[in-house]
Amino acid sequence: QNPDFFGWVSIEGTMLDYPVMHTPEDGEYYLYRNFEKEEDPSKEGCLFIDKNCMMEPRSTNLLVHGHNMKNGSMFAALEKYTSEEFYREHPEILFDTLEETGRYQVAAVFKIPGSQITEAFAGTLLAATEEDYNAFIAYAKEHSLYDTGVTPQWPEQLLTLGTCEYTYEDGRLFVVGRAVPALK
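Quick notes on the rules
- Residues numbered from 1 in each chain as written.
- Predicted model: local features only at pLDDT ≥ 70, side-chain atom pairs only at ≥ 80, totals over all residues.
- Heavy atoms only, no water.
- Pairing = 2+ DSSP bridges.
- Helix = DSSP H or I, 4+ residues; strand = E, 2+ residues; numbered from the N terminus.
- Axes fitted to C-alpha atoms, helices over the stretch in contact; angles between N-to-C directions.
- Contact = heavy atoms within 4.5 Å.
- Salt bridge = Lys/Arg side-chain N within 4 Å of Asp/Glu carboxyl O.
- Buried < 20%, exposed > 50% of the residue type's maximum accessible area, 1.4 Å probe, protein only.

Caption draft 1: Fine view of the sheet that holds strand β7 (residues 158-165). Spatial ordering of the closed barrel is given by β1-β2-β3-β4-β7-β8-β6-β5, a layout of eight strands whose pairing is mixed. The average angle at which neighbouring strand axes cross in this sheet is 30°, direction not considered. As paired elements, strand β6 (residues 103-113) and strand β8 (residues 171-179) share nine bridges and run antiparallel to each other. Counted as the bridge partner of I112 is R172 from β8. Packing against the sheet, helix α2 (residues 119-126) makes contact with β4 (61-65), β6, β7 and β8, and its axis sits at approximately 120° to β4. Together, β4, β6, β7 and β8 form the strand contacts of helix α3 (residues 130-143), whose direction differs from that of β6 by roughly 75°.

Caption draft 2: Representation of the pattern of salt bridges. Inspection of the entire model under this criterion finds nine salt bridges. With its nearest N and O atoms 3.7 Å apart, the salt bridge here joins K111 to E165. Linking K111 in strand β6 with E165 in strand β7, this pair joins segments that are 54 residues apart in sequence. Judged by its relative accessible area of 21%, K111 falls in the partly exposed class. By relative accessible area, which is 1% here, E165 ends up buried. Between E156 and R178 there is a salt bridge, with the nearest N and O atoms lying 3.8 Å from each other. Here R178 lies in strand β8 and E156 lies in the loop between α3 and β7, a separation of 22 residues in the sequence. Taking relative accessible area as the criterion, E156 reaches 29% and is therefore assigned partly exposed.

Below, the structure written as structure tokens:
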């Protein structure tokens, strides 16, 4: 139905159950557009993969952005991960693509003021090299709101969900997941 469709992300027991789009030529194309590519009057938009992430070959860290809507839709459920109890009840994120079914263990949950998302931090967040990967995981674990006991190791696939958060000015909330190997 839409060639920009890349995958589907969900967290069991929440409203988070949506398609994920990818438009590297216009990274924020779906910021305020719906799946049909129409301007979205609700301003929910669609979830979308960061324009700097590559699909082939796959980026080590797929960074997915989405709005934190007051009505509980889109990435609003990520706010619940600020509670360790919620994490314990929802330790996995499901992310399926046309090629594979994916399960990701939550490894870290952290908040950051938007002013700290510098170009250098954004590069580290992509975890494209072993050095950046290790730096990102070290940062995420050090700043995580609680210890999940999950520590990704290079080159394990990561999925990072990012949204707005309101305890910081222009704040961001990130939930970092590590791929669970498929059963053979």
